[in-house]
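Structural characterization, general
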Amino acid sequence: MKSTIWIAIALSLSATILPARAQSLYTPVFNQHLISEEVLDKKWPSYWISAPFEKKGEMLVNHFRKQIELKEVPASYVVHISADNQYKLYVNGCYVRTGPGRSDERNWFYDTVDLAPFLKSGKNVVAVLVWNFGENRMISQHTRGHADLVMQGNSAQESAINTDQTWKVYPDKAYTALTDWKINGYCAIGATEMVNMSKYPHGWENPTYNDEGWQTPALHERASYKGDQDYVGHWLVPSPIPAMEMKMERLQRVRLQEGISLNEDFLQGDQTVKIPANTKARILLDQNYLTTGYLTLQFSKGKQAVINIGYAEGLVEEKNTWKKGNRNEIDDKYFQGYVDRIIADGGENRSFTTLWWRTWRYLELQIETKDEALLLNDLYGHFSAYPFERLATFDADGRKELQDILDMGWRTARLCAHDTYMDCPYYEQLQYFGDARIQTMVTMYNTADTCMVRQAIDKGYNSLMPEGITTSRYPSSLEQVIPPYSYSWIGIAYDYWMFRGEDDYIRRLLPSFRGVMSWFEQYLKDDGSLKLIPFWYFGDWPASFKYGVPPREKNGGSAFQDLEFLLALQMMVKMELELGSKPMAEHYAHLAERTKNYIRKTYWNEAKGLYADTYMFSSYSQHVNIMAILSGVAEGQDAKKLCEKILLDKSLTQATVFYRYYLYEAMDKAGLGDEILGNIVFHTQNMMAAGLTTMAEMPEPSRSDCHAWGCSPNIYFYKTLLGIRSAAPGFKKVLIRPCLKDIKKASGSIPHPNGIISVAYKNGKMLEANITLPEGITGDFIWKGQRYPLHGGEQILKLR
């Protein structure tokens, strides 16, 4: 019977919705208007270049320079640049940008940059720093092994910039991958840096630097676009994202000093600190909040002095633990974090800046001088993250604590978004699709940005395994599989379709979504339940979920598994009906109905009024009952009663930080949206009381202090309290159903593909609602069960 269904489905599919695997999904791209056709679809004249005789696997750092002469400064001078692993670009000594965004060898990004603002008539020097951490690189970094560079002019005007043997290269032996530090817990960021300043080419990026002794670079393959016939190098794809934000950020407080005397003036760049010869010194500095960025230390003299710079989210109460206590407190605590190391050469005006960005609230400098005093001239950071523009606004009775919660969540979202979304900036810097489902919703409720959400969807597509499912995270040079995160990937695309539309884009992805569902269907039993799903079936981090895995029986028998499958089927039905194949929609609808009936029959415990985790009825969780509400297994008053029960029954396995997103979604669906604000305030203020400035990964003790899966407030303040929801693909219809409870005045706005949606409420004996929708957008307003039509433009409703 199953094969007959699939034959019918296959015959019904149109060839237009079956994309070739070689087809790139990266459209539109950032700066596409600057890219010439010759660059997009022809092999480039430029070559990948590196230092000669490089040994793959080692940490490699190369400095490249090229001098170009210009009679006059052109209106534009567009170049395309990429490197393996990463580059920093300078023109005439001025920093331009860092890149490329991380991806994989089959989708290697190049950045498009207009250098004209940095050029002058006469001699110009383009300088590029490229590094490859080799075997010690971060897990999110793919590589072909060389620290190589490619730069291509956009047209004949810029052809002098093309990388070839007219460039010069200096292989920098000052750098060593530093791995002798230890932090507790899984860490995927790779090695840090040790720099011997006596071997560093100081001032190499400046036009006046003498590069006469530099080498001629080694030529590798010519650069080429993705899709070139039989091409064996990096498959180049235009970057879909803009350059990261870079903004100077100074440290705030000196918390501890030993063997040294300094004050706050040093942190503002107004004091030079002298550390005498043959001295051991320690300085603990506090940013006051968690941040991400590139740290710079400027210093002089101090030949052979060793400077260790440590980075930590918070100090710990016990060594080799996550027990941090109040993050604002340092007494009787230990510093535990990763380290960069500098060996001074005794020269004047030396400057160290990290190759890659770091994460810190606290910095610890441990310094040991030798026979010469060391002068610390300045220390500061440059904040770096994805350049989101926050457009959403919110106010409720002028309550500052609510704005503080939103600001805390927004800081978390910013620090967990760089060239990809990431679970946490300190420990892993990996884009997990389960986390990204929440992060993308934060993005769409708070910004007009589409680039970041699309890169997450595209990365899921790039991660697809031959079996049909995605990996848990991407990019990642180390494959890991969390099967439900393939559902999350489909969910990200579904949410994007509902909030931003782009039917053609989602339609091209449908065959891959079907592949994911087919992988799960191989474990589907005749009764509608799933066998035991292999790999790491992560669900959440309550203590009773061993390694985060919910209770399951040996043969499956897991309500958690079956409900996630059901929710994915329901999304697929909607997308297939609108964008794909009616037979496929009918197929998924049939499976969904069968699985739903099985869940109701097998896991419901009438005596407890709850759905059990497995058919053995030995454990119960909020998680399973949350999904029962979201999937419609429990409906209407039954769903409301169930939701009230799981909020009150503390004997259930409780949802932790990650799963509260789904808890709030279930509360909203069950008609308990008025209770969401109190729940958010309770949990977030507990974090604030512990000195956290970002949302933690899990209940205390938490490994990571910054996990964007905890940013639910930055969705539900707008979705539930203000009540703004998408009611049709592309946000073409709006549903507004506010949950104000005791709030007397509330107002706010969110971005919409056609403009801004804004609301303002006065809630007393009657409700006055002032609502403005973009022109051409319609919808409904729901208050006390009554529905009122909305139209584009401003409207005022007065309701009892």
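Structure: above.
This is a predicted model, so every value here is computed, not measured. Note that residues are indexed from 1 along each chain, following the sequence as it is written. With pLDDT at 70 or above as the cut-off, local features in this predicted model cover only qualifying residues; side-chain atom pairs require 80 or more to be listed or tallied, and sums for whole chains, interfaces and linings still use all residues. Hydrogens and waters are ignored; side-chain quantities use all the structure's heavy atoms.

Side note on the overall build of the chain
- Secondary structure elements follow DSSP: runs of H or I no shorter than four residues count as helices, runs of E no shorter than two count as strands, and numbering proceeds from the N terminus. The helix and strand inventory of the chain stands at 15 helices and 34 strands.
- The atom set for the radius of gyration is the C-alpha atoms, and the globule formula is 2.2 Å times the number of residues raised to the power 0.38. Compactness check: the chain gives a C-alpha radius of gyration of 28 Å against a globular reference of 28 Å for 800 residues, within 12% of the reference.
- When accessible area is computed with a 1.4 Å probe and restricted to protein chains, residues below 20% of their type maximum are described as buried, those above 50% as exposed, and intermediate ones as partly exposed. Counting over 800 residues, the chain shows a buried share of 62%.
- By definition in these notes, contact holds between two residues if any of their heavy atoms fall within 4.5 Å. Pairs at least 24 apart in sequence give 74% of the contacts found in the chain among residues at least 6 apart.
- Summing over all exposed atoms, the chain offers an accessible surface of approximately 30,400 Å²; the carbon and sulfur share of this is 49%. Values of accessible area rely on a 1.4 Å probe in the Shrake-Rupley scheme; residue burial ignores everything except the protein chains shown.

A look at the pairing of strand 2 (residues 60-70)
- With respect to burial, strand 2 is a largely interior element, nine of its 11 residues being buried.
- When DSSP finds two or more bridges between a pair of strands, those strands are recorded as paired. Summarising the sheet, strand 2 and strand 7 (residues 122-132) pair through 11 bridges and their orientation is antiparallel. Opposite Arg65, over in strand 7, you have Ala127 as the bridge partner.
- Strand direction decides the pairing type here: strand 2 and strand 9 (residues 168-171), joined by four bridges, are antiparallel. Among the inter-strand pairings, Arg65 is bridged to a residue of strand 9, identified as Lys168.

Describing unusual backbone geometry
- Asn85 follows Asp84 through a cis peptide bond whose omega is 5°.
- Tracing the sequence through the fold places Asn85 in the loop between strand 3 (78-84) and strand 4 (86-91).
- Omega for the bond connecting Glu700 with Pro701 falls within 30 degrees of zero, at 0°, which places this linkage in the cis form.
- On the secondary structure map, Pro701 appears in the loop between helix 14 (676-689) and helix 15 (713-721).
- The residue Asn92 is not glycine, and still its phi comes out positive at about 50°.
- Considering the arrangement of structural elements, one finds Asn92 in the loop between strand 4 and strand 5 (94-99).

A few points about the packing of helix 9 (residues 559-579) against helix 10 (residues 582-603)
- For helices, the fitted axis covers only the stretch in contact; all axes are lines through C-alpha atoms, and the angles between them, taken along N-to-C directions, range from 0 to 180 degrees. Relative orientation of the contacting elements helix 9 and helix 10 amounts to 155°, with a least axis distance of 9 Å. The orientation of helix 9 relative to helix 10 falls into the category roughly antiparallel. The two elements helix 9 and helix 10 meet at a crossing, and its hand is left-handed. Contacts between helix 9 and helix 10 pair Ala559, Asp562, Leu563, Phe565, Leu566, Leu569, Gln570, Met572, Val573, Glu576 and Leu577 from the former with Met584, Ala585, Tyr588, Ala589, Leu591, Ala592, Thr595, Lys596, Tyr598, Ile599 and Tyr603 from the latter.
- Looking at the contact of helix 9 with helix 10 residue by residue, the classes come out as 17 nonpolar, two polar and three charged. Angles below 35 degrees are treated as roughly parallel, those above 145 as roughly antiparallel, those between 65 and 115 as roughly perpendicular, and all remaining angles as oblique. What makes a crossing left-handed is the near helix being turned counterclockwise from the far one by less than a right angle; a clockwise turn instead makes it right-handed. Gly counts as polar in this scheme, as do all residues outside two lists: the nonpolar Ala, Val, Leu, Ile, Met, Phe, Trp, Tyr, Cys and Pro, and the charged Asp, Glu, Lys and Arg.

Things to note about the environment of Gly203
- Tracing the sequence through the fold places Gly203 in the loop between strand 11 (192-196) and strand 12 (218-222).
- Overall, Gly203 belongs to the partly exposed group, its relative accessible area being 25%.
- Residues Gly203 and Arg350, 147 residues apart in the sequence, show an inter-C-alpha distance of 9.4 Å.

Here's the deal with the sheet that holds strand 4
- If you walk across this open sheet you meet the five strands as 5-4-7-2-9, and the pairing is antiparallel. With one partner strand each, in any of the chains shown, strand 5 and strand 9 form the two edges of the open sheet. Ignoring strand direction, the axes of neighbouring strands in this sheet form an average angle of 20°.
- Across five bridges, strand 4 lies against strand 5 in antiparallel orientation. Residue pairing for strand 5: Tyr87 is matched across the bridge by Gly99.

Focus: helix 13 (residues 660-669)
- By the criterion of burial, helix 13 is predominantly enclosed, with eight of the 10 residues buried.
- Within the sequence span of helix 13, burial applies to Arg660, Tyr661, Tyr662, Leu663, Tyr664, Ala666, Met667 and Asp668.
- Each element contacted by the buried residues of helix 13 is listed here: helix 5 (433-446), helix 11 (622-630), helix 12 (636-648), helix 14, helix 15 and strand 27 (724-726).
- Looking one or two residues beyond helix 13, the residue adopting positive phi is Gly671, at roughly 90°.

Let's talk about the packing of aromatic side chains
- Stacked, tilted and edge-to-face pairs are distinguished by plane angle, under 30 degrees for stacked and over 60 for edge-to-face with tilted covering the rest, among Phe, Tyr and Trp rings (Trp via its six-membered ring) whose centres lie within 6.5 Å. Tallied over the entire structure, the rule returns 45 aromatic pairs.
- Pairing Tyr496 with Tyr505 gives two aromatic rings, centres 6.2 Å apart and planes at 80°, and the pair type is edge-to-face. Residue Tyr496 shares its accessibility class with Tyr505, and that shared class is buried.
- With a centroid separation of 5.8 Å and 80° between ring planes, the pair formed by Tyr598 and Tyr603 is classed as edge-to-face.
- Accessibility expressed as a relative area gives 0% for Tyr603, which makes it buried.
- We call a charge positioned over a ring when the NZ of a Lys or the CZ of an Arg lies within 6 Å of the ring centre and within 35 degrees of the ring normal. Its end group placed over the ring of Tyr620, Lys608 keeps NZ or CZ at 5.2 Å from the ring centre.

Regarding the nonpolar core
- Nonpolar core, defined: a set of buried Ala, Val, Leu, Ile, Met, Phe, Trp, Tyr and Cys residues in which side-chain atoms within 4.5 Å join the residues together. Counting residues in each nonpolar core, the largest one holds 217 residues, and the members touching the most others are Ile309, Leu376, Trp489, Ile506, Phe513, Tyr761 and Phe781.
- In terms of residue count, helix 9 provides more of this core than any other element does, 12 residues in total.
- What Trp489 contacts, discounting residues up to four positions off in sequence, is Phe433, Ala456, Ile457, Gly460, Tyr461, Leu464, Thr470, Leu509, Ser512, Phe513 and Val516.
- Membership of the second largest hydrophobic core comes to 27 residues, among which are Leu70, Ala83, Tyr87 and Trp167.

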